[in-house]
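Observations on the three-dimensional arrangement
This is what each chain is made of:
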Amino acid sequence: MRSSYLAEDVVLLLKDITGMVSPQPTQERERLIQSGRHYSEMLPVEYVPTEKYMAVYREALARYAGQVAKAVGELSRRIMASRGRDVVLVSLARAGIPAGILVRRYIQRYYGVNVPHYAISIIRGRGIDGNAMGYLLDRYKPGQLLFVDGWIGKGAILGELEKDVGAYPGVSPEIAVLADPAGVTELRGTPEDILIPSSCLNSTVSGLISRTVLREDIIGEKDFHGAVYYGELKDSDLSYHFIETVEGCFSPTVEEDLTCPGGSGFAGKEKASCTGGGIREVGEIAAYFGIQDINFVKPGIGETTRVLLRRVPWKVLIGDRYRGDPELGHVVRLAEEKQVPVEYYPLTRYKCCGIIKKIADA
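Reading the values: rules and limits
- Residues numbered from 1 in each chain as written.
- Predicted model: local features only at pLDDT ≥ 70, side-chain atom pairs only at ≥ 80, totals over all residues.
- Heavy atoms only, no water.
- Buried < 20%, exposed > 50% of the residue type's maximum accessible area, 1.4 Å probe, protein only.
- Helix = DSSP H or I, 4+ residues; strand = E, 2+ residues; numbered from the N terminus.
- Arc of directions from axis to C-beta.
- Contact = heavy atoms within 4.5 Å.
- Pairing = 2+ DSSP bridges.
- Salt bridge = Lys/Arg side-chain N within 4 Å of Asp/Glu carboxyl O.

**Some thoughts on helix H4 (residues 130-137)**
In an α-helix, one turn spans 3.6 residues; hence positions three or four apart end up facing the same way. The set of residues buried in H4 consists of Ala 132, Met 133 and Leu 136. The buried residues of H4 occupy an angular sector of 100° when the element is viewed end-on, so they sit on one face. Contact partners of the buried residues in H4: strand S3 (88-92), strand S4 (117-120), strand S6 (127-128) and strand S7 (145-151).

**Re the sheet that holds strand S1 (residues 11-12)**
Strands sit in the order S1-S4-S3-S7-S8-S9 across an open sheet of 6 strands; the sheet is parallel. Sheet topology places S1 and strand S9 (188-190) at the edges, where each strand pairs with a single neighbour. Sheet analysis places S7 next to strand S8 (residues 175-179), joined by 4 bridges and oriented parallel. By the bridge assignment for S8, Val 148 is matched with Ala 176.

**Some details on the pattern of salt bridges**
By the definition in use, this model includes 24 salt bridges. Across the pair Arg 105 and Asp 9 runs a salt bridge whose closest N-O atoms are separated by 2.9 Å. Of this pair, Arg 105 sits in helix H3 (residues 96-111) while Asp 9 sits in the segment before S1, and the two are 96 residues apart along the sequence. The salt bridge involving Lys 163 is made with Glu 160; its shortest N-O contact spans 2.8 Å. One end of the pair is Lys 163 and the other is Glu 160, both in helix H5 (residues 156-164) and 3 residues apart, which spans about a single turn. Overall, the relative accessible area of 54% leaves Lys 163 in the exposed class. Residue classification places Glu 160 among the buried positions, given a relative accessible area of 6%.

Below, the structure is given as structure tokens:
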């Protein structure tokens, strides 16, 4: 699969289906999803940011690159301590790819190890790409594979991994992420709900590839899951600008780095334990607002941003403590542009939460 990433940074185990899938308007796609069609059979129209939104993104990257770099460093140290030099990074396309590249570069710089890095598809409700797993297991031992993602919302993908990897003896469902406010993995850069600026954009910060697609008419029995390459957006590609900005803030120590914006530590420190409390909070939010399907509740900065970029939002919740927090500036800007109401709510593990709108008679 082609992308704007260098082959030395990541090998994408995906089928190039450019030109085979027509993007659908957000409202129509949401109606189809809620009427039973699986989201992996369709692609959203890529959101074209306004200049005001891009200004917010640039400010967020400048302000928070340091805290992302700190998370990359902490995650990399945990990976090397638990998995060692033979680890193979397997990023979950597409949000996991920038995180995997950053971890690979950190390990290369400070441990002197060129760890292999691949990207594969996993789809909620449809499972992990079996052909991609076969490809990896033909080349590496099961215990070498480590799944990587950008962040965890409520932990749905971890549940998918736990269900799927039972078919591959010796492969661990453990997942490594930069941010885990849900409290479900020890392999995390931080338990805090931090802004990872790559979550603010779509393909233009993800190697110009789409989210993954699984449809019988274009994905054959022996094919990898598919993705589209948006070559027409190459002049707007910020994939390496994001990577290199964060990389410029890398530090080899666990001490606070005061020379880089946002590098002075995490506001909440290491306080959220691996107790899986995130899903309980999601359940409480759903009960409070009378939402029967918890899949409509998308907690955390990354998931809230996704709801605003490619779903039909009902409302956005912002934690009472984070009113006016610049880390949520892009969320507030997107909500304003899309005329989505913002409500302040006593969130505990998360800084914000997106709620998808129930479309009547979907």
